[in-house]
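# Structural features, examined
Listed here are the chains, written in short residue letters.
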Amino acid sequence: QLRCFRNKIETEMNSYLNNRVFPIDTTKYMLTLKIDINGNFSLDKLLPNNKLDQQSVLLIHEAVKQLPNAMPAIKTNVGEFVEVKFNLPFKLNYE
């Protein structure tokens, strides 16, 4: 399930970023994504954070923000929705 979830996120982000222009970069990034109690995605952290210009970082933020809502996590012992964070490796690809 986790693999399917990550694949869906990667597909959606790639679709959004496909025709955007980025500086040439072979860095492997780690995105820390947050899903809030309503199922909305946001970019919590991008590491390393000193490699991309502000415009590129903004495009990545927008790509995360346009992801479709997810089912929020539930704290099972009390049945409440909770925020969750997870890491996703990310690399800008060039042909």
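Residues numbered from 1 in each chain as written. Predicted model: local features only at pLDDT ≥ 70, side-chain atom pairs only at ≥ 80, totals over all residues. Heavy atoms only, no water.

## A short note on helix α2 (residues 54–65)
Each turn of an α-helix holds 3.6 residues, which means side chains three or four residues apart point in the same direction. Stated formally: Helix and strand assignments come from DSSP, with helices taken as H or I runs of at least 4 residues and strands as E runs of at least 2, each series counted from the N terminus. Helix span is expected to be 1.5 Å times the residue number reduced by one. The buried label goes to any residue with under 20% of its type's maximum accessible area, the exposed label to any with over 50%, and the partly exposed label to all in between, with areas taken from a 1.4 Å probe on protein chains only. Read the arc as the range of directions from the helix axis to the C-beta atoms. In what follows, residue pairs with any heavy atoms lying within 4.5 Å of each other are defined as contacts.
The end-to-end C-alpha distance of α2 is 16 Å, a good match for the 16 Å that twelve residues give at a rise of 1.5 Å each. Turning to α2, its buried residues number three or more, namely Ser56, Val57, Leu59, Ile60, Ala63 and Val64. Take α2 and look down its axis: the buried residues cluster within an arc of 155°, on one side only. Opposite the packed face of α2, turned more than 90 degrees from it, sit the exposed residues Gln54, Gln55 and Lys65. If you follow the buried residues of α2, they end up packed against α1 (2–17), β1 (28–35), β2 (41–47) and β5 (84–91).

## Concerning the confidence of the model for the chain
Note the following rule: Per residue, pLDDT captures the predictor's confidence, and it can take any value from 0 to 100.
In the predicted model, the chain carries a mean pLDDT of 88, and the fraction of residues at 70 or more is 97%. Averaged pLDDT values over the elements of the chain bottom out at 87 in strand β3 (residues 73–75) and peak at 95 in β2.

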